[in-house]
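Fold and contact review
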Amino acid sequence: MNAALSRRAVGLAVGAFVLLVALVQLLPFYVAITTSLKPKTDLSSQWSFPFGEVFWGNFVTAVTDGGILRAMSNSVLVASVSTVLVCVIGAFAAYPLARRPTAYNRGILAINVGLMMVPALSILVPLYSMLAQMGALNTYWGVILVMVATSLPISIFLYASFMRSLPISVEEAAMIDGANIFQTLWLVVIPMLKPVTATVGILTGVGVWNECALSGYILTSPETRTIAPAIASFFSMQSSNLPAAAAASLLAVIPVVIAYLFLQKSFVRGLVGAEK
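Quick summary incoming for the structure in this document. (Residues numbered from 1 in each chain as written. Predicted model: local features only at pLDDT ≥ 70, side-chain atom pairs only at ≥ 80, totals over all residues. Heavy atoms only, no water.)

**Re the overall build of the chain**
Heads up, the condition is: The helix count covers DSSP runs of H or I at least four residues long, the strand count covers runs of E at least two residues long, and both are numbered beginning at the N terminus. Burial classification: accessible surface area is computed with a 1.4 Å probe over protein chains only, and a residue below 20% of its type maximum counts as buried, one above 50% as exposed, and the rest as partly exposed.
On a plain count of helices and strands, the chain comes out with 12 helices and zero strands. For the chain, the α and β elements follow one another from N to C terminus as α-α-α-α-α-α-α-α-α-α-α-α. Here the C-alpha coordinates of the chain stretch approximately 75 × 70 × 30 Å along the principal axes. Put simply, the chain has 276 residues, and 38% of those count as buried.

Structure follows, in structure tokens:
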């Protein structure tokens, strides 16, 4: 009886803690909603909801003056191409590292983990100089190249960890049937990577979608800039338009939420498999 009560008390405590964390995570969205529904001249608290007259002009400003729809289309292009390249290159690069545990491959994996810890801004100056020499500034292919390079370490790590949890007997059976290494990888291994591919896809897509530090320097033209630099354009040294920025942020988060709702089960399975 006491054990059952203690387990119930622990369950309630854990549930209360999870609920508290969820509320803390949702507070920024609440503030963004209340701010976006008020005019710029409204000096009331950001915590108060406009129960009277709701102002939708900030969303119009985000679309017309901020070019948020053009920025979202640019982000869709950059995020989609980057995600596909990261998934394909990461899977092919991780396979020999996972299936051939030599000292050389273990060293490559260790270097890969080390690259995950390097802040992207630490390489901004040489990266910007190299892109300028290549003529890659304000181009889609230039920012895609950077996004793929910065996202590959975590992709290779997750794919290699997940592949090590897969039974190698299936691959051996395919090779006995006459399949070569490339056929085995493409026809046998790749179909089993759907959970971790969803995880890598979400992490890469959301990371590229939200990326601001590098893309803010690489994409300075309004025609090519992505969503984060477009939102940042509402702030300047002279003035800022916080309600319009909040409205643009809410518009920008919609595609990410929809994608996660469809892929959340595969996302969790991919993380669990990578941990084994």
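**Re unusual backbone geometry**
Despite not being glycine, Asn138 shows a phi value in the positive range, around 60°. Positionally, Asn138 belongs in the loop between helix H5 (124–134) and helix H6 (140–164).

**Brief notes about helix H9 (residues 194–210)**
Heads up, the rule is: By this rule, a helix spans an expected 1.5 Å times one less than how many residues it contains.
For H9, spanning 17 residues, the distance from its first C-alpha to its last is 24 Å, which sits close to the expected 24 Å at 1.5 Å a residue. What H9 keeps buried is the set Pro195, Val196, Ala198, Thr199, Val200, Gly201, Ile202, Thr204, Gly205, Val208 and Trp209.

**Describing the nonpolar core**
Under the convention used in this document: We define a nonpolar core as any set of buried Ala, Val, Leu, Ile, Met, Phe, Trp, Tyr and Cys residues linked to one another through side-chain atoms lying within 4.5 Å. Whether two residues touch is decided by their heavy atoms; if any such pair falls within 4.5 Å, the residues are in contact.
By size, the foremost hydrophobic cluster in this structure holds 36 residues, and its most contacted members are Tyr159, Met163 and Leu193. At the level of secondary structure, the elements contributing two or more residues to this core comprise helix H3 (68–99), H5, H6, helix H8 (181–189) and H9. No other element matches the 12 residues that H6 contributes to this core. The residues touching Leu193, leaving out its near neighbours within four places in the chain, are Ala91, Tyr159, Phe162, Met163 and Leu166.

**A short note on the packing of aromatic side chains**
By convention here, two paired aromatic rings are described through the distance between centres and the angle between planes. This is how the line gets drawn: Note on aromatic contacts: the rings of Phe and Tyr and the six-membered ring of Trp form a pair at centre separations within 6.5 Å, being stacked when their planes are under 30 degrees apart, edge-to-face when over 60 apart, and tilted otherwise.
With the rule as written, the count across this model stands at two aromatic pairs. Each ring, one from Trp56 and one from Phe59, has its centre 5.8 Å from the other, and the planes form 40°; the classification is tilted. Residue classification places Trp56 among the exposed positions, given a relative accessible area of 55%. Phe59 gets classed as buried once you look at its relative accessible area, which sits at 17%.

**Considerations on a nonpolar patch on the surface**
Stated formally: For patches, a residue must show more than 30% relative accessible area and have no salt bridge; joins then use 9 Å for like charges and 5 Å for nonpolar side chains, namely Val, Leu, Ile, Met, Phe, Trp and Tyr. Note that accessible areas follow from Shrake-Rupley with a 1.4 Å probe, and for residues the cover is restricted to the protein chains shown. We define a salt bridge as a side-chain nitrogen of Lys or Arg found within 4 Å of a carboxyl oxygen belonging to Asp or Glu.
A cluster of nonpolar side chains, namely Leu77, Val81, Val84, Leu85, Val88, Ile89, Phe92, Trp186 and Leu187, defines an oily patch on the protein surface of about 800 Å² accessible area. Among the elements of the structure, H3 and H8 are those that each provide at least two residues to the nonpolar patch. Relative to the helices and strands, Trp186 resides in helix H8. Here Trp186 falls in the exposed class, since its relative accessible area comes to 53%.

**Some remarks on the layout of surface pockets**
Selection rule: A cavity here means a set of 1 Å grid points, computed over protein atoms only, where a 1.4 Å probe fits but cannot escape. A pocket is an open set with protein on both sides within 12 Å along at least 5 of 7 lines, and lining residues have an atom within 4 Å of a point. Grid points are joined across faces, edges and corners, and a volume is the space filled by probe spheres set on the points.
In this structure, the largest pocket occupies an estimated 510 Å³ of space. What lines the largest pocket is a set of 23 residues, among which Ala120, Ala149, Thr150, Ser151 and Pro153 lie closest to the centre. Those elements that place two or more of their residues in the lining of the largest pocket are helix H4 (103–116), H5, H6 and H9. Sorting elements by how many residues they give to the lining of the largest pocket places H6 first, with eight residues.

**Some details on the packing of H3 against H9**
We count it as follows: Lines fitted to C-alpha atoms define the axes here, with helix axes fitted over just the stretch in contact, and angles between the N-to-C directions of these axes take values from 0 to 180 degrees. It is the rotation of the near helix from the far one that decides the hand of a crossing: anticlockwise by less than a right angle makes it left-handed, clockwise makes it right-handed. Only Asp, Glu, Lys and Arg are considered charged, only Ala, Val, Leu, Ile, Met, Phe, Trp, Tyr, Cys and Pro nonpolar, and every remaining residue, Gly among them, polar.
It is the contact of H3 with H9, at a shortest axis distance of 9 Å, that shows an interaxial angle of 145°. Of the two elements, H3 crosses H9, and the hand of that crossing is right-handed. Listed contacts from H9 to Met72, Ser75, Val76, Val78, Ala79, Ser82, Thr83, Val86 and Cys87 of H3 are Thr197, Val200, Gly201, Thr204, Gly205, Val208 and Trp209. Per-class residue counts for the contact of H3 with H9 are nine nonpolar, seven polar and no charged.

**Re the packing of helix H7 (residues 169–176) against H8**
Note the cut-off: If an angle is under 35 degrees, it is roughly parallel; if it is over 145, roughly antiparallel; if it lies from 65 to 115, roughly perpendicular; otherwise it is oblique.
Their axes nearest at 10 Å, the elements H7 and H8 cross at an angle of 130°. Between H7 and H8, the crossing angle belongs to the class labelled oblique. The element H7 and its partner H8 pack so that their crossing is right-handed. Contacts between H7 and H8 involve Val170, Glu171, Ala174 and Met175 on the former and, on the latter, Ile181, Thr184, Val188 and Val189. Classifying every residue of the contact of H7 with H8 gives six nonpolar, one polar and one charged.

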